[in-house]
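Overview (structure and organization)
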Amino acid sequence: MKFVLVLILLLVFFQGCISPAVKTGDPSLYELPGLTNTTIFYLNLSSVQVINNVVDRASVDYRIEDSIQTFRYPVAADYSGNNVSMNVSIISIKGRNYAHFNFSSNFSGFVAFTLPGGQDFAYIPADNSTIRVVLPENFTSGTIFLGYVQPKPDNITKDSSGREVLVWNKAQNKKIRVRYHQNDTPVMLMYLFGALLVCALIVWGYYHYSISTLRKKREMLEKFPRK
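Reference entry: report on the structure contained in this document. (Residues numbered from 1 in each chain as written. Predicted model: local features only at pLDDT ≥ 70, side-chain atom pairs only at ≥ 80, totals over all residues. Heavy atoms only, no water.)

**Some words on the pattern of salt bridges**
Put simply, the test is: The working definition used for a salt bridge is a side-chain nitrogen of Lys or Arg within 4 Å of a carboxyl oxygen of Asp or Glu. We count a stretch as a helix when DSSP gives it H or I for four or more residues in a row; a strand needs E for two or more, and each element gets its number in order from the N terminus. For each residue, the accessible area found with a 1.4 Å probe, counting protein chains only, is set against the maximum for its type, and the residue is called buried under 20%, exposed over 50%, and partly exposed in between.
According to the stated counting rule, one finds 4 salt bridges in the structure shown. Across the pair R163 and E31 runs a salt bridge whose closest N-O atoms are separated by 2.8 Å. With R163 in the loop between β10 (155-158) and β11 (164-168) and E31 in the loop between α1 (2-14) and β1 (38-43), this residue pair connects regions lying 132 residues apart in the sequence. The class for R163 is buried, based on a relative accessible area of 13%.

**Here's the deal with the environment of L166**
Put simply, the test is: Contacts between residues were defined by any pair of non-hydrogen atoms, one from each residue, lying within 4.5 Å.
The topology assignment puts L166 in strand β11. According to the relative accessible area criterion, L166 is buried, its value standing at 0%. Residues L166 and I40, spaced 126 residues apart in sequence, show a C-alpha to C-alpha distance of 9.9 Å. In this view, L166 contacts I131, R132, V133, S141, V149, P153, N155, I156 and V178; residues no more than four positions away in its chain are not counted.

**Some details on the environment of T36**
Considering the arrangement of structural elements, one finds T36 in the loop between α1 and β1. Excluding residues within four positions of it along the chain, T36 makes contact with N53, Y79 and F110.

Written as structure tokens, this is what we have:
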């Protein structure tokens, strides 16, 4: 009998029904509410805030690409921005981890959570909803060699805070990748290359001056050899 119970528990666990709970976050940390039929990614150098639209669902799952410890501060809010109670847990299905949002009843509104960030963002949409990627203030992705956007966005604009916003209307199963940098990085690189060029010219001039001086000394020694 004990063996059967242990076997049942193991089967339930591997199907993802037993999972650790995740501590919910503070809605004020996010820019709520979001936009309907849209997933928004607010990029940062250390984190990515994700806001997704949910329509009439009792539960919803989100794939965790990294370790489960990287999924943080989940919240839910209705269309008016009011906080909604929920339970969030990590489940494992066929070896893949998912964040499972469970609502007390069918819910329509927005869920938000935080993931690790960096200056190279990648995402593959599972459906044809609109994808919006919002860069940090004073950052851009539009400089050749320094920035990178794939595929080409359907729209590039700026929000009320002056942040660059990239929009894809239908990008299902297409890998979206954005590499961004500070606005003044190209100017700083120009100054750096200019400084390096000046240093190179100084070294080149000193080298030729030294060679010329040594050549003159050699000519003087050959012309007036010591006795």
